[in-house]
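# Observations on the three-dimensional arrangement
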Amino acid sequence: MHPEKFKQVAGLPSAERHAYFVRKVADTQEVWGLYHDGWATAQVDGKVVIPFWPEAVFAQACASGDWEYFQPRAIALDDFLNKWLPGMASNHQLASVFPVPQGSASIAAPADLLADLREEARHYE
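About the thresholds
- Residues numbered from 1 in each chain as written.
- Predicted model: local features only at pLDDT ≥ 70, side-chain atom pairs only at ≥ 80, totals over all residues.
- Heavy atoms only, no water.
- Salt bridge = Lys/Arg side-chain N within 4 Å of Asp/Glu carboxyl O.
- Helix = DSSP H or I, 4+ residues; strand = E, 2+ residues; numbered from the N terminus.
- Buried < 20%, exposed > 50% of the residue type's maximum accessible area, 1.4 Å probe, protein only.
- Pairing = 2+ DSSP bridges.
- Axes fitted to C-alpha atoms, helices over the stretch in contact; angles between N-to-C directions.
- Contact = heavy atoms within 4.5 Å.
- Parallel < 35°, antiparallel > 145°, perpendicular 65-115°, else oblique.
- Left-handed = near helix turned anticlockwise from the far one by under 90°.
- Nonpolar A, V, L, I, M, F, W, Y, C, P; charged D, E, K, R; others polar.
- Phe/Tyr/Trp six-rings, centres within 6.5 Å; stacked < 30°, edge-to-face > 60°.
- Lys NZ or Arg CZ within 6 Å of the ring centre and 35° of its normal.

### Quick look at the pattern of salt bridges
Counted according to the given criterion, the structure contains two salt bridges. Across the pair Lys83 and Asp79 runs a salt bridge whose closest N-O atoms are separated by 3.5 Å. Here Lys83 pairs with Asp79, and both are found in helix α4 (residues 77-90), just four residues apart, close to one helical turn. Of the charged contacts, one joins Glu119 and Arg122 as a salt bridge, the two residues approaching to 2.5 Å between their closest N and O atoms. On the basis of relative accessibility, which here comes to 40%, the residue Glu119 falls in the partly exposed class.

What follows is the structure, encoded as structure tokens:
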């Protein structure tokens, strides 16, 4: 990815990054997480939050601090929609959609993210 595009997309407000995530994931059919002996997680208001990115380069940019040994790993969109999000909902976990090193992420309930992705997928059928 061109550094200028990276900077431009990473600099979007969290709501616009959320929309970019939904469009990109629907197009590429994959979601990216960070993995090292387990998936990267964080805590927000006492809840487990799992971060997800639309592309490996953005995930890699967040692989520092507590996640410094983590590497980007792809998740097939079908698995994400049918296994990950329902599992996260039953475990009362939240999704951190497209966090960036400097800035906030969009925190979404799994059911809301699932609805966003299914709605976007209709445009690709």
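### Considerations on the sheet that holds strand β6 (residues 106-108)
The strand order across the open sheet formed by four strands is β2-β3-β5-β6, and the pairing between neighbours is mixed. Unpaired on one side and paired on the other, β2 (42-44) and β6 mark the two borders of the sheet. For this sheet, the mean angle separating the axes of adjacent strands, direction not counted, is 40°. As judged from the four bridges shared by strand β3 (residues 47-52) and strand β5 (residues 94-97), these two strands associate in the parallel manner. Counted as the bridge partner of Phe52 is Val97 from β5. α4 rests against β3 and β5 of the sheet, and its axis sits at about 155° to β3.

### Thoughts on the packing of α4 against helix α5 (residues 110-121)
Interaxial distance between α4 and α5 falls to 9 Å at its minimum, and their mutual angle equals 160°. By the angle between their directions, the pair α4 and α5 is classed as roughly antiparallel. As α4 packs across α5, the resulting crossing turns out to be left-handed. Contacts between α4 and α5 involve Leu77, Phe80, Leu81, Asn82, Leu85, Met88 and Ala89 from the former and Pro110, Leu113, Leu114, Leu117 and Arg118 from the latter. Class assignment of the residues belonging to the contact of α4 with α5 gives a composition of 10 nonpolar, one polar and one charged.

### Describing the packing of aromatic side chains
Tallied over the full model, the rule gives eight aromatic pairs. With 6.0 Å between their ring centres and 45° between their planes, Tyr20 and Phe98 make a pair best called tilted. Separated by 78 residues along the polypeptide, Tyr20 in helix α2 (residues 14-28) and Phe98 in the loop between β5 and β6 bring together distant segments of the chain. Residues Phe52 and Trp84 carry aromatic rings whose centres are separated by 5.6 Å and whose planes lie at 85° to one another, so their mutual orientation is edge-to-face. Here the residue Phe52 occupies a position in strand β3, and Trp84 occupies one in helix α4, the gap between them amounting to 32 residues. The pair formed by Phe52 and Trp84 is uniform in burial state, with each residue classed as buried. It is Arg73 that lies over the ring of Tyr35; its NZ or CZ is 3.8 Å from the centre. Here the guanidinium or amino end of Arg73 rests over the ring plane of Trp39, the centre of that ring lying 6.0 Å away.

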